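Chain by chain, the residues:
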Number of protein chains: 2
Amino acid sequence: MDTLETRELRYFLAVAEELNFGRAAERLGMAQPPLSRAIQQLERRLGVPLLARDRRGVALTEAGEVLRHEGRVAVDAATAAARRTRRAAAGNDGSRTRLVLAVKAGDSHDLLRRLLGAYAAEPDAAEVEILPSGTCEQGKMLRDGRADVALMHTPFNSLAGFDSEELVTEGQIAVLPARHPLAARSHLTLAEVRDLPDLPLARWARDGVHPPGPGPAITDQTQLAQLIALGRTVAVYPDSARAWLWTEHAAVPLTDAPPVVTHIAWPAHSRSLALAALVRTATRL
Amino acid sequence: MDTLETRELRYFLAVAEELNFGRAAERLGMAQPPLSRAIQQLERRLGVPLLARDRRGVALTEAGEVLRHEGRVAVDAATAAARRTRRAAAGNDGSRTRLVLAVKAGDSHDLLRRLLGAYAAEPDAAEVEILPSGTCEQGKMLRDGRADVALMHTPFNSLAGFDSEELVTEGQIAVLPARHPLAARSHLTLAEVRDLPDLPLARWARDGVHPPGPGPAITDQTQLAQLIALGRTVAVYPDSARAWLWTEHAAVPLTDAPPVVTHIAWPAHSRSLALAALVRTATRL
DNA sequence: CCCTGTGATACCCCACAGGTATCGCGCCGT
DNA sequence: ACGGCGCGATACCTGTGGGGTATCACAGGG
């Protein structure tokens, strides 16, 4: 009566994201008619219209918008339950506990190295698997159980819903082509690097789509690094990005960029001893 | 394959809590054999034994323990999704948005009155429904969608998994029978009120069961208040509990009790404007 | 020793998730 | 104006599996 099945939620989420029954059905690996029916049934069960069917496509009602968010959380929680249960059993079959740590590839490299080193030295440390995650996806990794713990960076990642400890604060730098005039400066402001006509900011793919604009379209950090080295663009990064700079890159501190704080974050209700030990190690670095 | 149905989770949780298939089935309103089968199927699907069947009852394996916690979260999230979706639609049918505020009955009474007063004066304030919740149940109310926002008190409630703002900090008092010798003291310590032979601490029901001990068994605050007035027990409460003291009660500050901090807390991912306004009002009190 | 309480098995049934075929209907092109 | 196309809804069929009842197997306890 008042608890939705994850199947219903998965179906609804597919439709809510595609806004098209046919494509949603395809994504779910099923035919379109049963999907239509399932959604109608869901709406009847809830007594609430979720979709406004306009003859050429579908739009979410306000209630549908709510379910899109709440449903995502619930489905993630259900898949996290499955993943973590499986892993709990796998970790208990004689091998050591295994922790999955999500990090944004390339970020906080030095911190990460020190953390892993210090933790490995702990008595009965768990095995730590590094899960390189895409742009700002650590939160999702934690929510759906692919990761147990993550390094996250405010203000880019939201820590909402997680427990976390602050680790380090760092300034930001502009990463410029080494031969660019501004590369010689001792410091810069955000305004000076934004809107440079010769170095338009790159456009990161978001859900596979590039936002419009003048800059080059990129999907990973190597592309960005190369484009900077080629003198085509500029990027703003936390100080620790110096770890992966090329010789053809120049780093210039930004005086007015918001400081970036690296946190170690984990699901709020976690009760893992290995995780607690890792967090303790991290805060003591 | 890797996402569990809430039905399976509900079944498992019932068994995990009852540790008895028969009673669990009864609680679920179904017969025992299908429940047995469903759990076996769940174990096969996960490839993980969840329950250790001893001939006289059932115990949770380590993986089962994990699923008990993760599953609870997931099921709560699913029912929250249903509740909040329904309420979103109900609030959109012409009537005003409605916020449900969970508070522990009796606690922070004055703060609550001021909050409601100040918020009602706001332009386009939502209607606020007060949901009196049992002992420390506000967290569950937020998780399963019965409430949108709660007043919570550390260190009694855990704020893990919620966004929150600190509101007020207060000391704690011993609530004594007015005619008790200690009632005349200007202050006391925890050690002095614990283990008083003539005033044993009351035993609150937890899940319907009273822990063992010498004190009287109680299930609500009125019972407690009466027993104190009758000179049978003593209680420790935050300072704001003075609001509901009887004339036959005496309040004596405790010098070494941990301070109680009242927070306003809400689900981390909430995007409700009405909620944001309520929180803003609360922090400005 | 039988009785009681436990979970597992055996067997049956029908409700419903899912498939295929088709419809109704706006929108497009020409 | 008209036929084709893309969309979601409807009609109808089928098979799986969730749920029921009856029963078993077995460990303790009087």
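From a predicted model like this one, the values you see are computed outputs, not experimental measurements.

A. Examining the nonpolar core more closely. Residues F12, L50 and L67 of chain A together with L50 and L67 of chain B are the most contacted members of the largest nonpolar core, which totals 57 residues. Considering every element that reaches this core, the biggest residue donor is helix α4 (residues 62-90) of chain A, with nine residues. With near-sequence residues (within four places) excluded, L67 of chain A lies in contact with L4, L9, F12, L13, L42, L46, L50 and R72 of chain A together with A81 and T85 of chain B.

B. Spotlight on the packing of aromatic side chains. Residue and element names in this part refer to chain A. In total, this model carries two aromatic pairs over all chains according to the counting rule given. Centre to centre, the rings of Y237 and W244 are 5.0 Å apart; their planes meet at 85°, and the pair counts as edge-to-face. The pair formed by Y237 and W244 is uniform in burial state, with each residue classed as buried.

C. A look at the side chain of H263 of chain B. All names here are of chain B. Assignment of secondary structure puts H263 in strand β12 (residues 260-267). Take H263: its relative accessible area is 9%, and that puts it in the buried class. Side-chain polar atoms of H263 contact the backbone oxygen of V261, separated by 3.4 Å. Those residues in contact with H263, other than ones at most four positions away along the chain, are A150, L151, M152, T154, L159, S164, E165, E166 and L167.

D. Here's a closer look at the interface of chain B and chain A. Counting residues at the interface gives 42 residues for chain B and 42 residues for chain A. Together, the buried faces of chain B and chain A total about 3500 Å²; carbon and sulfur atoms form 61% of this surface. Considering only the surface of chain B that becomes buried against chain A, E70, T85 and R86 of chain B emerge as the three largest contributors, covering 17% of it. Where chain B meets chain A, there are four salt bridges. Residue E70 of chain B is joined to R84 of chain A by a salt bridge in which the shortest nitrogen-to-oxygen separation is 3.2 Å. On inspection of chain B and its partner chain A, the count reaches 12 residue pairs in polar contact (both at pLDDT 80 or more). When contributions to the side of chain B that touches chain A are tallied by element, the ones reaching two or more residues are α1 (6-18), α3 (32-46) and α4 (62-90) of chain B.

E. Representation of the packing of helix α5 (residues 109-120) of chain A against helix α9 (residues 273-284) of chain A in the model. Residue and element names in this part refer to chain A. Across the interface, α5 lies against α9 with an axial gap of 9 Å and an inter-helix angle of 120°. By the angle class used here, α5 and α9 are oblique. Of the two possible hands of crossing, α5 and α9 adopt the one that is right-handed. Contact with α5, carried on its side by L115, A118 and Y119, involves A274, A277, L278, T281 and A282 of α9 and no other residues of that element.

Conventions adopted
Residue positions within a chain follow its written sequence, with the count starting from 1. Throughout, the order in which chains and ligands are written sets their labels, letters from A for the former and numbers from 1 for the latter. Local features in this predicted model are restricted to residues of pLDDT 70 or higher, and side-chain atom pairs are both shown and tallied only at a pLDDT of 80 or more, whereas totals for entire chains, interfaces and linings draw on every residue. Based on all heavy atoms of the structure, the side-chain values leave hydrogens and waters out of the count. What is meant by a nonpolar core is a set of buried Ala, Val, Leu, Ile, Met, Phe, Trp, Tyr and Cys residues, joined one to another through side-chain atoms within 4.5 Å. Throughout this description, buried means an accessible area under 20% of the type-specific maximum (1.4 Å probe, protein chains only), exposed means over 50%, and partly exposed covers the range between. Only DSSP runs of H or I with at least four residues qualify as helices, and only runs of E with at least two residues qualify as strands; both kinds are numbered from the N terminus onward. Here, two residues are considered to be in contact whenever any of their heavy atoms come within 4.5 Å of each other. Only Phe, Tyr and Trp rings are paired, with Trp represented by its six-membered ring, and only when their centres lie within 6.5 Å; those with planes under 30 degrees apart are stacked, over 60 edge-to-face, the remainder tilted. Under this definition, polar contacts are N or O atom pairs within 3.5 Å; protein pairs additionally need one hydrogen-donor-capable and one acceptor-capable atom, and for neighbouring residues in sequence, both atoms have to be side-chain atoms. By convention, the term buried area covers the 1.4 Å-probe accessible surface removed from two parts as they join, with the contributions of both added. The term salt bridge refers to a pairing of a side-chain nitrogen on Lys or Arg with a carboxyl oxygen on Asp or Glu at a separation within 4 Å. Lines fitted to the C-alpha atoms define the axes, with helices restricted to the stretch that makes contact. Angles between their N-to-C directions range from 0 to 180 degrees. Reported orientations rely on four angle classes, namely roughly parallel under 35 degrees, roughly antiparallel over 145, roughly perpendicular from 65 to 115, and oblique for the rest. Should the near helix be turned counterclockwise from the far one by less than a right angle, the crossing is left-handed, whereas a clockwise turn marks it as right-handed.

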